[in-house]
Structures are given as structure tokens and as C-alpha cells.
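# Summary of structural features
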Amino acid sequence: MNPMRQRQIFIDAMQFAINDDEPATFLRLWLEGDWESLQREWPSYRVPEELKRHTHPEP
């Protein structure tokens, strides 16, 4: 993934979290790559396709 795109995705997530009532929970799930939970709990946050493609399944 392009480093500039990575940066923008991260900035967008931080801005979203700042404006949310539960920023710590959102950021924890985001950093864990739990895209399903993010989509379920924060439907207004659109998980970028680049992140969905780079999900590592649980062992």
C-alpha cells in the first residue's frame, strides 16, 4: 500500500475516533484489525478496502 494512502487512512481513523463517544474502544478494534466489529458497532465508519484485504486471520 502506498505510504501516503496509509497515512491518510490512519488520519481518517484518528479523526473519526476523536469525534466518537468511545474513541479508545474504536481505536483498539481498529489497531487489532477487527473490521467486522467496527462495521457492526460504527456503521458510519467505512473501513477502507485496503485494510480489509490485509486482515490476518486468527491462528
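Residues numbered from 1 in each chain as written. Predicted model: local features only at pLDDT ≥ 70, side-chain atom pairs only at ≥ 80, totals over all residues. Heavy atoms only, no water.

Let us look at helix 1 (residues 3–18). Here helix 1 is 16 residues long and its end C-alpha atoms lie 23 Å apart, about the 22 Å a rise of 1.5 Å per residue gives. Buried-residue contacts for helix 1 involve helix 2 (23–32) and helix 4 (49–53). At the N-terminal boundary of helix 1, the capping side chain belongs to Asn-2, with an oxygen 2.6 Å from the backbone nitrogen of Met-4. (Helix = DSSP H or I, 4+ residues; strand = E, 2+ residues; numbered from the N terminus. Expected span 1.5 Å × (residues − 1). Contact = heavy atoms within 4.5 Å. Polar contact = N/O pair within 3.5 Å; in protein donor to acceptor, adjacent residues only side chain to side chain.)

In total, this model carries six aromatic pairs according to the counting rule given. When the ring of Phe-26 is compared with that of Trp-42, the centres are 5.4 Å apart and the planes differ by 80°; the resulting orientation is edge-to-face. Taken as a pair, Phe-26 in helix 2 and Trp-42 in the loop between helix 3 (35–41) and helix 4 lie far apart in primary sequence, 16 residues in all. Taken individually, Phe-26 and Trp-42 each receive the classification buried, so the pair is uniform in this respect. Between the aromatic rings of Phe-26 and Tyr-45, the centroid separation amounts to 5.1 Å while the plane-to-plane angle is 85°, which identifies the pairing as edge-to-face. Here Phe-26, found in helix 2, pairs with Tyr-45, found in the loop between helix 3 and helix 4; they are 19 residues apart in sequence, far enough to count as distant. Of the two residues examined, Phe-26 and Tyr-45, each falls in the buried class. (Phe/Tyr/Trp six-rings, centres within 6.5 Å; stacked < 30°, edge-to-face > 60°. Buried < 20%, exposed > 50% of the residue type's maximum accessible area, 1.4 Å probe, protein only.)

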